[in-house]
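A look at the structure
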Amino acid sequence: MRKGFGLIQALIVIVMISGIMAIAMKYATLSVKQTSDAYAKESAELFMDSAVELTLLAISGQNRAVSGCLKDVNITSADGRYMADVNISTYYLLGESVDCSYCGSLCTPIQTEESHGMVMLEVVVETNATHPKNLDKQIRLIRRTLQRP
C-alpha cells in the first residue's frame, strides 16, 4: 500500500510542475511577442523621423522656380520593411515673396518673417506587407508636424 501511495504523490507533483511550466511558457511567449512589437513600433517611429528629415532635405534642394513646390515624397527604408508617404499640405511663406507665387494653392501667405519657410507635413509610415519579417506585424503611424526646412 505504501508504494502505491508514493506513486500517486509523484504523479501529482509531476502534474503540478508541468502545469507551472506551461503557465511560465505562456508568459514567456507573451513577453517575447510584446518585446518584438515594441521593437517594430520603435523602428517605425525612428524611420518616421528619418522620413521627415529626408523630406526637409528634398524641400531645401527643390528649385521652386523650375518645378514648383513639392507636394509629396515617398520613401522606403533601406531594408524595405517600412514605407513612408509624406504629404506636404501647406507652405507658410511671406505674401510678397516670389516663392509664394511658385507654390500656388499650397502657399499660405503670412506676415511674420520668423515663420517664413515653414511647412505642414503629414507623415504616414506603414510596414511593407510583402517583406518577410512583416508577415505578422502591421504598423501604421500618422504624424502631422510643422517644420522649417
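No experiment lies behind these values; they were computed from the predicted model shown.

Attention now moves to the overall build of the protein. Assigned secondary structure in the protein consists of 3 helices and 5 strands. What you see in the protein, going N to C, is helices and strands ordered as α-α-β-β-α-β-β-β. Computed over C-alpha atoms, the radius of gyration of the protein comes to 28 Å, more than 25% over the 15 Å expected from 2.2 N^0.38 for 149 residues, which places it beyond the range of a compact globule. In terms of principal-axis extent, the alpha carbons of the protein reach across some 105 × 30 × 20 Å. The buried share of the protein, reckoned over its 149 residues, is 33%. Sequence separation of 24 or more characterises 60% of the internal contacts of the protein that already satisfy a separation of 6 or more. Total accessible area on the protein is roughly 9900 Å²; 61% of this is exposed by carbon and sulfur atoms. Here the protein contributes 14 positive and 15 negative side-chain charges, whose respective centroids are spaced 18 Å apart.

Below, the discussion takes up the packing of aromatic side chains. Aromatic rings in a pair are described by how distant their centres are and how their planes are angled relative to each other. Considering all chains together, one arrives at 1 aromatic pair under this definition. Ring plane angle 25 degrees and centroid distance 6.1 Å describe the contact between F47 and Y82, whose orientation is recorded as stacked. Separated by 35 residues along the polypeptide, F47 in helix α1 (residues 2-61) and Y82 in strand β2 (residues 82-94) bring together distant segments of the chain. As far as the burial class goes, F47 and Y82 line up, both buried.

Counting residues in each nonpolar core, the largest one holds 28 residues, and the members touching the most others are Y91, L121 and V125. Residue assignment for this core shows that the elements contributing at least two residues are α1, β1 (72-76), β2, α3 (98-103) and β4 (118-127). Broken down by element, the residue count for this core peaks at 8 residues, all from α1. Dropping the residues within four chain positions of it, L121 is found in contact with V52, T55, L56, I59, V86, N87, I88, R143, R144, T145 and Q147.

Once that is clear, we can look at a nonpolar patch on the surface. On the surface, a cluster of nonpolar side chains totalling about 320 Å² of accessible area is made up of L7, L11 and I14. Checked against the element boundaries, L7 lands in helix α1. Judged by its relative accessible area of 56%, L7 falls in the exposed class.

Conventions used here
- Residues numbered from 1 in each chain as written.
- Predicted model: local features only at pLDDT ≥ 70, side-chain atom pairs only at ≥ 80, totals over all residues.
- Heavy atoms only, no water.
- Helix = DSSP H or I, 4+ residues; strand = E, 2+ residues; numbered from the N terminus.
- Rg over C-alpha atoms; globule rule 2.2 N^0.38 Å.
- Buried < 20%, exposed > 50% of the residue type's maximum accessible area, 1.4 Å probe, protein only.
- Contact = heavy atoms within 4.5 Å.
- Areas by Shrake-Rupley, 256 points an atom, 1.4 Å probe, with all protein chains shown as cover.
- Lys, Arg positive; Asp, Glu negative; His and termini not counted.
- Charge placed at Lys NZ, Arg CZ, Asp CG, Glu CD.
- Phe/Tyr/Trp six-rings, centres within 6.5 Å; stacked < 30°, edge-to-face > 60°.
- Core = buried A, V, L, I, M, F, W, Y, C linked by side-chain atoms within 4.5 Å.
- Patch = residues over 30% accessible without salt bridge, like charges linked within 9 Å, V, L, I, M, F, W, Y side chains within 5 Å.
- Salt bridge = Lys/Arg side-chain N within 4 Å of Asp/Glu carboxyl O.

Scope: geometric values only; no functional claims are made or implied.
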